[in-house]
Amino acid sequence: MNRKSISLLVLAILVLVLMAVFSSKNYLLFSFGFLILTLGIYFWKFEKSPHTSREIVFIAIICALAVVGRIIFAAIPAVKPELFILILGAIVSGPETGFLMGTIIALTSNMYFGQGAWTPWQMFALGLIGLVSGLMLKKDIATWKLVLWGFLSGFIMGWIMDIYYIIGFVNPISWQSILTSLAASFYFDVVHAIFTAVLLLLVGKRWIKLFGNYQRKYDLFKNNN
């Protein structure tokens, strides 16, 4: 893990810590401010780095696949392939591009599902998952590690959205109300996690090989990491 990836990951974690510390002082406005600042920094870094038109096309394809997959499975709660597609796309393209793809997937898919106060949180959650997945760039990751990360990512997504729900809608905030909120979302988090893990187990390595061949053929993301 290089210095840039570490700094990006630390910044992402810092946002969550600051939200927890200042949760009692205009927490919703504070959260939005830091989330927007974080997203702005990532987009600025992405714009400053050189990218070819083929790399932009690859990013667009990954985002389109994830958005369409999320919409197709809209009728089945928590059964969504966007994490599966994001993880594999980020493994090929790297952490910064992975974060960017995650935020685009959340924002674009909510054009269908509806925009709201939850959108920046979803952008942050998917961006963070894309960033961590991108740290696996150029590594021959074992299948069990890939599956485990897919399973954990389903819970990470759910926990971040639980934070949004708790600090925005739970009153008073206590250990009992926090546990109740987590218990209410546990089923959906488990389904999301298992669905993502199963997809990665069945076709994850095959998709990585497919994306990797495309990357090597067109010499994409050679400046990442």
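A short tour of the structure in this document, coming up. Please read these numbers as outputs of a predicted model, since none were measured by experiment. (Residues numbered from 1 in each chain as written. Predicted model: local features only at pLDDT ≥ 70, side-chain atom pairs only at ≥ 80, totals over all residues. Heavy atoms only, no water.)

1. What to know about a nonpolar patch on the surface
Stated precisely, the cut-off is as follows: For patch building, the residue pool is restricted to those with more than 30% relative accessible area and no salt bridge; the joining distance is 9 Å between like charges and 5 Å between nonpolar side chains (Val, Leu, Ile, Met, Phe, Trp, Tyr). Areas reported here follow the Shrake-Rupley algorithm with a probe of radius 1.4 Å; residue values treat only the protein chains shown as occluding. Here, a salt bridge means any Lys or Arg side-chain nitrogen found within 4 Å of an Asp or Glu carboxyl oxygen. Only DSSP runs of H or I with at least four residues qualify as helices, and only runs of E with at least two residues qualify as strands; both kinds are numbered from the N terminus onward.
Residues Trp 144, Leu 148, Phe 151, Leu 152, Ile 194, Val 198, Leu 201 and Leu 202 make up a contiguous nonpolar surface patch of about 770 Å² in total accessible area. Secondary-structure elements contributing two or more residues to the nonpolar patch are α7 (143-169) and α8 (175-218). Along the polypeptide, Phe 151 turns up in helix α7.

2. Observations regarding the packing of helix α3 (residues 53-72) against α8
For the record, the criterion: Under this scheme, a helix contributes an axis fitted over its contacting stretch, all axes are lines through C-alpha atoms, and angles between N-to-C directions fall in the 0 to 180 degree range. The scheme is simple: roughly parallel for angles under 35 degrees, roughly antiparallel for over 145, roughly perpendicular for 65 to 115, oblique for anything else. For any helix crossing, the convention is left-handed if the near helix is rotated counterclockwise from the far helix by under a right angle, and right-handed if that rotation is clockwise. Every residue pair with non-hydrogen atoms within 4.5 Å of one another is taken to be in contact. Each residue is assigned to one class: nonpolar for Ala, Val, Leu, Ile, Met, Phe, Trp, Tyr, Cys and Pro, charged for Asp, Glu, Lys and Arg, and polar for all the others, Gly among them.
Direction vectors running N to C along α3 and α8 enclose 165°, while the axes themselves pass 11 Å from each other. Relative to α8, the element α3 lies roughly antiparallel. Of the two elements, α3 crosses α8, and the hand of that crossing is right-handed. Across from Arg 54, Val 57, Phe 58 and Ile 62 in α3, the residues of α8 making contact are Phe 211, Tyr 214 and Tyr 218. Partitioning the contact of α3 with α8 into residue classes produces six nonpolar, no polar and one charged.

3. Comments concerning the packing of aromatic side chains
Defined as follows: Two rings belonging to Phe, Tyr or Trp (six-membered ring only in the last case) form a pair when the distance between their centres is within 6.5 Å. Interplanar angles under 30 degrees mark stacking, angles over 60 mark edge-to-face geometry, and anything in between is tilted. Accessible area is worked out with a 1.4 Å probe on protein chains only. A residue is then buried under 20% of its type maximum, exposed over 50%, and partly exposed in between. In our convention, an over-ring charge means Lys NZ or Arg CZ found within 6 Å of a ring centre and within 35 degrees of that ring's normal.
Tallying each qualifying case throughout the model produces eleven aromatic pairs. Measuring from centroid to centroid gives 6.1 Å for Phe 155 and Phe 186, while their planes differ by 45°, and the two rings are tilted. Taken together, the residues Phe 155 in helix α7 and Phe 186 in helix α8 connect sequence positions 31 residues apart. With relative accessibility at 9%, the residue Phe 155 sits in the buried group. Taken together, the ring pairs connect Phe 58, Phe 84, Trp 207, Phe 211 and Tyr 214 into an aromatic cluster. Note that Arg 70 overlies the ring of Phe 113, its terminal NZ or CZ placed 4.4 Å from the centroid.

4. Regarding the layout of surface pockets
Rule in force here: Using only the protein atoms, space was sampled on a 1 Å grid; points where a 1.4 Å probe fits but cannot get out form cavities, open sets with protein on both sides within 12 Å along at least five of seven lines form pockets, and lining residues are those with an atom within 4 Å of a point. Grid points are joined across faces, edges and corners, and a volume is the space filled by probe spheres set on the points.
Roughly 600 Å³ of internal volume is contained in the largest pocket. If you go around the largest pocket, you meet 20 residues; those closest to its centre are Gln 122, Met 157, Met 161, Phe 188 and Asp 189. Among the elements of the structure, α7 and α8 are those that each provide at least two residues to the lining of the largest pocket. Sort the elements by how many residues they give to the lining of the largest pocket and α7 lands first, with seven residues.

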